[in-house]
Every structure is written in structure tokens, then in C-alpha cells.
Amino acid sequence: MNEAPPVDAEHPDAAPPRSRRSDVTRAAILRAARNRFAEDGYDRATIRAIAADARIDPSMVMRYYGSKEGLFAAAAEFDLRLPDLSGVSPDTVGELLVRHFLHRWEGDATLAALLRTASTNPGAAERMRGIFADQLSTAVARFALDPTEAPRRAGLVASQILGLALTRYVLRLPPMVDADPAELVAWVAPTIQRYLLGSRD
């Protein structure tokens, strides 16, 4: 049985064990990928360019992450930057959230790329679920009169927000692309408001 060589405490620059080299390589790939995706966007970023930035062979990127989609799913970091809703009137929270999400989608292509990738890549889909579960559910729970309904209400809000993003920024349906943000807020906000605070009747 082959064993990894021990770490030489007196020579920290000596070649690390295989598991540590693997961790270092993965970290270097993710750093390079995040920078490259941020600078070039998902479509223009290439495995070859990311590998060059990480100073490794492109085959190593494929070995660890399988595909560009898999790498993006692992590297994508996205903060919804939800506003503090503690002082917001319950009557206006739907409108505030729709305005906020439109602003986030307009100002950062990363989430649109993640949404596009999530339709075919399980890792990206899991990342998307995590983003909305961790961030949106917490915000929605603040307004739920019945705590047991908070997850369902958050899911319904997400269905509208992600549907809006999909049709406007990914599929680029003309009626959605051509609509002014204020018009979209007027259409969507009442539905979000009902999902947050309305009854099921």
C-alpha cells in the first residue's frame, strides 16, 4: 500500500502530501475561475484561460471539476444583498423586494449565468437552491404570521423572482426584455405581496 510522505516540519517548502497538493490545486483553480468569470463573464471565460491563471494544465481543471459548468457551479459566489427588512412596512415589502431583485439582476451577470447553468448542471442547481434557501427564506420568515408557512411562502416568492429573471435575462423574451423595470414592479409586486402576507383563500 502506498502511503503519502510525511510533512517535513523543518522544511515547510518541501513537496506537500498528495492530499494537500490536491487542496492547494483546487483552491488555485477556484480563485482563478472566480476572477476570470468576474472579468470575462461566463460565456467568454475559458478553461484554458483559467488554467493559465492558475498556472496548471487545463486537463487538471477538467480532472477536478469535470466541465466548465461544474467549475462555475463550484466557483460562483453570489450575495443577494437583501436589504434590512426589520423597519420596512409590511404593506410595501413586496414592491421593495421586486425593485431590489431587478436591480441585482441588472447589475451583475453572475446570477443570470448561474441560473442558466442550473438548468442543466446539478451542482449549479444546488448552489442556486442554497442561495435562496439561506438568504431569502430568512427574510421571508420575518413576515410570516405562521412560521410553518415560511418555507412555502419563500418558495413561492422565489418562483416569481426566478421566473422573472429567467424570462428577462436568460430566455430574453421580447415582452419581458422590453418592459421598463417600473412596469415590471407594478405587475409582479402585488403577487409577491400576496405570497408574503396574503391568505391562501
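Residues numbered from 1 in each chain as written. Predicted model: local features only at pLDDT ≥ 70, side-chain atom pairs only at ≥ 80, totals over all residues. Heavy atoms only, no water.

A.B. asks: I'd love a proper account of the overall build of the chain, names of residues and values included.
C.D. replies: A count of helices and strands for the chain gives ten helices and zero strands. Reading the chain from its N terminus to its C terminus gives the helix and strand order α-α-α-α-α-α-α-α-α-α. For the chain, the spread of C-alpha atoms along the three principal axes comes to 65 × 40 × 30 Å. Split into buried and exposed, the 201 residues of the chain put 40% on the buried side. Put simply, 65% of the contacts in the chain that link residues at least 6 apart link residues at least 24 apart. (Helix = DSSP H or I, 4+ residues; strand = E, 2+ residues; numbered from the N terminus. Buried < 20%, exposed > 50% of the residue type's maximum accessible area, 1.4 Å probe, protein only. Contact = heavy atoms within 4.5 Å.)

A.B. asks: Explain the layout of surface pockets to me, and be specific about the residues and the numbers.
C.D. replies: Of the pockets and cavities examined, the largest pocket occupies roughly 210 Å³. Within the residue set of the lining of the largest pocket, elements represented by two or more residues are α1 (18-44) and α6 (109-118). Class assignment for the residues of the lining of the largest pocket results in nine nonpolar, two polar and three charged. (1 Å grid on protein atoms, 1.4 Å probe; cavity = no way out; pocket = protein on both sides within 12 Å on 5 of 7 lines; lining within 4 Å. Points joined across faces, edges and corners; volume = space filled by probe spheres on them. Nonpolar A, V, L, I, M, F, W, Y, C, P; charged D, E, K, R; others polar.)

A.B. asks: Outline the environment of Val-157, listing residues and values.
C.D. replies: The residue Val-157 is located in helix α8 (residues 150-170) in this model. By relative accessible area, Val-157 is classed as buried at 0%. Spatially, the C-alpha atoms of Val-157 and Gly-94 are 9.3 Å apart, while their sequence positions differ by 63 residues.

A.B. asks: Tell me about the packing of helix α5 (residues 93-107) against helix α10 (residues 181-197), and name the residues and values.
C.D. replies: For any two helices packed against each other, one specifies the crossing angle of their axes together with the interaxial distance. Contact geometry for α5 and α10: axes closest at 7 Å, N-to-C directions at 130 degrees. As far as their axial angle goes, α10 and α5 are oblique. Handedness of the crossing formed by α5 with α10: right-handed. In contact with Val-93, Gly-94, Glu-95, Leu-97, Val-98, Arg-99 and Leu-102 of α5, α10 contributes Pro-181, Leu-184, Val-185, Val-188, Ala-189, Ile-192, Gln-193, Leu-196 and Leu-197. By residue class, the composition of the contact of α5 with α10 is twelve nonpolar, two polar and two charged. (Axes fitted to C-alpha atoms, helices over the stretch in contact; angles between N-to-C directions. Parallel < 35°, antiparallel > 145°, perpendicular 65-115°, else oblique. Left-handed = near helix turned anticlockwise from the far one by under 90°.)

A.B. asks: Any chance you could break down a nonpolar patch on the surface for me, citing the residues and the numbers?
C.D. replies: Where nonpolar side chains cluster on the molecular surface, the patch consists of Leu-166, Leu-171 and Leu-173 and spans about 240 Å² of accessible area. Within the fold, Leu-171 resides in the loop between α8 and α9 (174-178). (Patch = residues over 30% accessible without salt bridge, like charges linked within 9 Å, V, L, I, M, F, W, Y side chains within 5 Å. Areas by Shrake-Rupley, 256 points an atom, 1.4 Å probe, with all protein chains shown as cover. Salt bridge = Lys/Arg side-chain N within 4 Å of Asp/Glu carboxyl O.)

A.B. asks: I'd like to hear about the packing of aromatic side chains, residue by residue, with values.
C.D. replies: Here the structure, examined in full by the defined rule, presents five aromatic pairs. Centre to centre, the rings of Tyr-42 and Phe-72 are 4.9 Å apart; their planes meet at 65 degrees, and the pair counts as edge-to-face. Here Tyr-42, found in helix α1, pairs with Phe-72, found in helix α4 (residues 68-75); they are 30 residues apart in sequence, far enough to count as distant. For the pair formed by Tyr-42 and Phe-72, the shared burial category is buried. Between Phe-101 and Phe-132 the ring centres are 6.2 Å apart and the planes differ by 10 degrees, which places this aromatic pair in the stacked class. Within this pair, whereas Phe-101 is found in helix α5, its partner Phe-132 is found in helix α7 (residues 122-141), the two being separated by 31 residues in sequence. A relative accessible area of 2% means that Phe-101 is categorised as buried. (Phe/Tyr/Trp six-rings, centres within 6.5 Å; stacked < 30°, edge-to-face > 60°.)

A.B. asks: Mind laying out the pattern of salt bridges, listing which residues take part and the relevant values?
C.D. replies: A side chain of one charge can pair with a side chain of the opposite charge if their charged atoms are brought near each other. Taken as a whole, this structure holds six salt bridges when the rule is applied. As a salt-bridge pair, Arg-36 and Asp-40 come within 3.0 Å of each other at their nearest N and O atoms. A residue pair is termed a helical-turn pair when its members lie 3 or 4 positions apart in one helix, as Arg-36 and Asp-40 do in helix α1 at four residues. As far as burial versus exposure is concerned, Arg-36 and Asp-40 are alike and both buried. For Glu-126, the salt bridge goes to Arg-129, with nearest N and O atoms at 2.8 Å. Residue Glu-126 and its partner Arg-129 are located together in helix α7, separated by three residues, close to a single helical turn. We classify Arg-129 as partly exposed; its relative accessible area is 49%. One salt-bridge network, held together by shared partners, links Arg-36, Asp-40 and Asp-53.

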